Amino acid sequence: MAVCARLCGVGPARGCRRRGAAREQRRGGDGDSEPDTDTEPEVDSGVAVAAEDDEETERIEGSRPSAGPAEAGRAPLSLLELPPELLVQIFGSLPGTDLPSLARVCTTFRRILRTDTIWRRRCREEYGVCENLRKLEITGVSCRDVYAKRINPRVKSGRFMKILPDYEHMEYRDVYTCLLHRYRHILGLWQPDIGPYGGLLNVVVDGLFIIGWMYLPPHDPHVDDPMRFKPLFRIHLMERKCATVECMYGHKGPHNGHIQIVKKDEFSTKCNQTDHHRMSGGRQEEFRTWLREEWGRTLEDIFHEHMQELILMKFIYTSQYDNCLTYRRIYLPPSSPDDLIKPGLFKGTYGSHGLEIVMLSFHGRKAKGTKITGDPNIPAGQQTVEIDLAHPLRLPDIENLRDFSELSRIVLEVQEQVRREEQEEEQRQEGEDRSQQAASQPAAQPRGGGEGAEGEETAAGAEGAAQDKASASQPFVLPMGVISRNEDYPRTCRVCFYGTGLIAGHGFTSPERTPGVFVLFDDDRFGFIWLELKSFSLYSRIKVSFQNAEAPSREAFDEMLRNIQSLAT
């Protein structure tokens, strides 16, 4: 701010004051750039200061005396001598968090920063708001109509528009300071704390709203179908300087809610009118409606008794969280050119539990599948599968592959090989530790490092060879006796790897990692054969462009994985 003050001629520098006095004499002493002595308190880290003044936006043209004949041929000495239109362009290119400090330099800057064009640009560049407040048109269709059809097609636009903001008297400055900046910490991907079931929430700026969209897998077992989504809450400005939080849960339309930002990577929502969640037919009607939305069928259509019990258990458990929910931030996995396929989120089949969301990430010689949604056996946050990229599997020919015992023999041989390698690695590491403690000179240390580098190079070579094979396809068929929820799996695959899958009893009791086969079909689909369960899970990529979901660093992503796993445990 001191730099800006010196530039505009009101700073403490001696030269600045001399130039300011000379300029006042040339202009007749009627300059309007006196220092701003307003001592308004800063609100929300200084961003809301620019929105404190409720006066109408003043016209910039004519706010500064025109240059005299003697000044016409020289370069400007300060920012105040630049045309107001140029100052609007300059200020509009600055981060919105810096504008309040700039507004306190002088009254001219404060006046210019009331120009809504500046704040419209900040809303667009920082938060992706492209809506024109004056026209409200998106390719000829108003944003209100688009939103009404997306949220609830059964609600007529005329009724819906009555509860929308008063756009005619709204300013982008208020949108930025009272809505976007205030709730910036909740934008991104989140996992709700719903016991073992978890979930996937994406909070985005949608038009002039901040909306929390809950993403749900497609109906079982159609793993290749697109994701379903529904709004859980929305935030918008019903009037100037006042953001309104509304709960969207239930079937009676939006109603009063509350959001509390606990810390940077955690927030909670609360509904203040839970009667809007109830249905006239009682719990039975609520269960039937939930079942149609969750599974796309009625309870009578589900003949498996164990599946009926699991469905009823999930409804009873999750319905307890319709009043208050806590969310924890999650990131999309970072990618690398050496990855087998692009990491990301996938939908997977899990037997009687239906479809669940899994995050595939790569960690050197390992690939991990972490549950974003879970079940009473393996809760959300746990690592469901782990793939050993250093041990590719050579499948038998198509006829022998149908024999489950032949596939089991191949996998168990690799499992024994992996066990021996792990033991040798532990013994080698123990030997290095003893030698380092006993050695009187540090010369022996590089020798052990060389052996480790050689082992890593060998593993990298095996991984590279596996990736070379991934370009070619080979026939694939499930062995006889392996159960699959989806028989429409690909009949060719690129490459297979040895892996382990996590199984446990109800309530995550007696968890155990068991051997299995990771099958890569293409860039968007893979499978896993659980040998002990004799079952097959098919995974398909979630093709949704989630906003504000990138991890700031690899370390931040690894820490996020550890946190959600520790919470699940």
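Keep in mind it's a predicted model, so treat the numbers as computed, not measured.

(A) Local environment of the overall build of the chain. Along the backbone of the chain there are 15 helices and 21 strands. Within the chain, counting contacts between residues at least 6 apart in sequence, those at least 24 apart form 61% of the total. A total of about 28,600 Å² of accessible surface is found on the chain, and carbon and sulfur atoms cover 50% of it.

(B) Examining helix α9 (residues 172-180) more closely. For α9, the buried fraction is high: nine of the nine residues fall into the buried class. Looking at α9, one finds that the buried residues are Tyr172, Arg173, Asp174, Val175, Tyr176, Thr177, Cys178, Leu179 and Leu180. Looking at the packing, one finds that the buried side of α9 touches α6 (116-127), β4 (200-206), β5 (209-216), β6 (228-239) and β7 (242-247).

(C) Examining the sheet that holds β4 more closely. Pairing is antiparallel around the closed barrel formed by eight strands, whose spatial order is β3-β4-β5-β6-β7-β8-β9-β10. Sheet twist, expressed as the mean angle between neighbouring strand axes with direction ignored, is 35 degrees. By the bridge criterion, two bridges tie β7 to strand β8 (residues 255-263) in an arrangement that is antiparallel. Bridge assignment links cysteine 247 to a residue of β8, and that residue is histidine 255.

(D) Quick peek at the packing of aromatic side chains. What the rule picks out here adds up to 25 aromatic pairs. Ring centres of tyrosine 350 and tyrosine 539 lie 6.0 Å apart, and the angle between their planes is 80 degrees; on these two criteria the pair is classed as edge-to-face. Taken as a pair, tyrosine 350 in the loop between β11 (344-349) and β12 (355-363) and tyrosine 539 in strand β21 (residues 535-541) lie far apart in primary sequence, 189 residues in all. For tyrosine 350, a relative accessible area of 12% translates into the label buried. When its relative accessible area of 0% is taken as the criterion, tyrosine 539 is described as buried. Ring geometry for phenylalanine 521 versus phenylalanine 536: centroids 6.4 Å apart, planes at 80 degrees, classification edge-to-face. Of this pair, phenylalanine 521 sits in strand β19 (residues 509-522) while phenylalanine 536 sits in strand β21; the two residues are 15 residues apart in sequence, bridging distant segments of the chain.

(E) Here's a closer look at the nonpolar core. Formed by 48 residues in total, the largest nonpolar core has its most connected members in Ile210 and Ile235. Broken down by element, this core gets its largest block of residues, six residues, from α9. Apart from the residues within four sequence positions on either side, isoleucine 210 is in contact with Leu179, Leu180, Tyr183, Ile186, Leu187, Val203, Val204, Val205, Phe233, Arg234 and Ile235. Ranked by size, the runner-up nonpolar core spans 26 residues in total, among them Leu401, Ile410, Val477 and Val519.

(F) Summary view of the packing of helix α3 (residues 84-92) against α6. Two numbers describe how α3 lies on α6: the axes approach to 9 Å, and their chain directions differ by 25 degrees. Of the possible angle classes, the one that applies to α3 and α6 is roughly parallel. Note that α3 runs across α6; the crossing there is right-handed. For the pair formed by α3 and α6, the contact residues are Val88, Gln89, Phe91 and Gly92 on the first element and Ile118, Arg121 and Arg122 on the second. Classifying every residue of the contact of α3 with α6 gives three nonpolar, two polar and two charged.

(G) Region of the structure containing helix α11 (residues 305-318). End to end, α11 covers 20 Å across 14 residues, agreeing with the expected 20 Å (1.5 Å per residue, within 8%). Three or more residues of α11 are buried, namely Met307, Leu310, Ile311 and Phe315. Seen along its axis, α11 keeps its buried residues to an arc of 135 degrees; they face one direction. Buried residues in α11 make contact with α10 (282-295).

(H) Here's a closer look at the pairing of β6. Where β5 meets β6, seven bridges bridge the pair, whose relative direction is antiparallel. Residue pairing for β6: leucine 216 is matched across the bridge by arginine 228. Of the strand pairs in this sheet, β6 and β7 are connected by six bridges, and their pairing is antiparallel. In the sheet register, isoleucine 235 faces β7, and the bridge partner there is valine 245.

(I) Broad picture of unusual backbone geometry. That bond from aspartate 220 to proline 221 is cis: its omega, 0 degrees, falls within 30 degrees of zero. Residue position: proline 221 is located in the loop between β5 and β6. One non-glycine residue, phenylalanine 508, lies in positive phi territory at about 60 degrees. For phenylalanine 508, a relative accessible area of 19% puts it in the buried group. In this structure, lysine 534 is a non-glycine residue whose phi angle is positive, near 55 degrees. Within the secondary structure, lysine 534 sits in the loop between β20 (525-530) and β21. Here lysine 534 falls in the partly exposed class, since its relative accessible area comes to 39%.

(J) Summary view of the pattern of salt bridges. In this structure the tally under the stated criterion is 27 salt bridges. Glutamate 286 is paired through a salt bridge with arginine 283; the nearest N and O atoms lie 3.4 Å apart. Here glutamate 286 pairs with arginine 283, and both are found in helix α10, just three residues apart, close to one helical turn. Glutamate 286 gets classed as buried once you look at its relative accessible area, which sits at 9%. Where aspartate 524 meets lysine 543, a salt bridge forms, and the shortest distance between an N and an O atom there is 3.5 Å.

What counts, and where the lines are drawn
- Residues numbered from 1 in each chain as written.
- Predicted model: local features only at pLDDT ≥ 70, side-chain atom pairs only at ≥ 80, totals over all residues.
- Heavy atoms only, no water.
- Helix = DSSP H or I, 4+ residues; strand = E, 2+ residues; numbered from the N terminus.
- Contact = heavy atoms within 4.5 Å.
- Areas by Shrake-Rupley, 256 points an atom, 1.4 Å probe, with all protein chains shown as cover.
- Buried < 20%, exposed > 50% of the residue type's maximum accessible area, 1.4 Å probe, protein only.
- Pairing = 2+ DSSP bridges.
- Axes fitted to C-alpha atoms, helices over the stretch in contact; angles between N-to-C directions.
- Phe/Tyr/Trp six-rings, centres within 6.5 Å; stacked < 30°, edge-to-face > 60°.
- Core = buried A, V, L, I, M, F, W, Y, C linked by side-chain atoms within 4.5 Å.
- Parallel < 35°, antiparallel > 145°, perpendicular 65-115°, else oblique.
- Left-handed = near helix turned anticlockwise from the far one by under 90°.
- Nonpolar A, V, L, I, M, F, W, Y, C, P; charged D, E, K, R; others polar.
- Expected span 1.5 Å × (residues − 1).
- Arc of directions from axis to C-beta.
- Salt bridge = Lys/Arg side-chain N within 4 Å of Asp/Glu carboxyl O.

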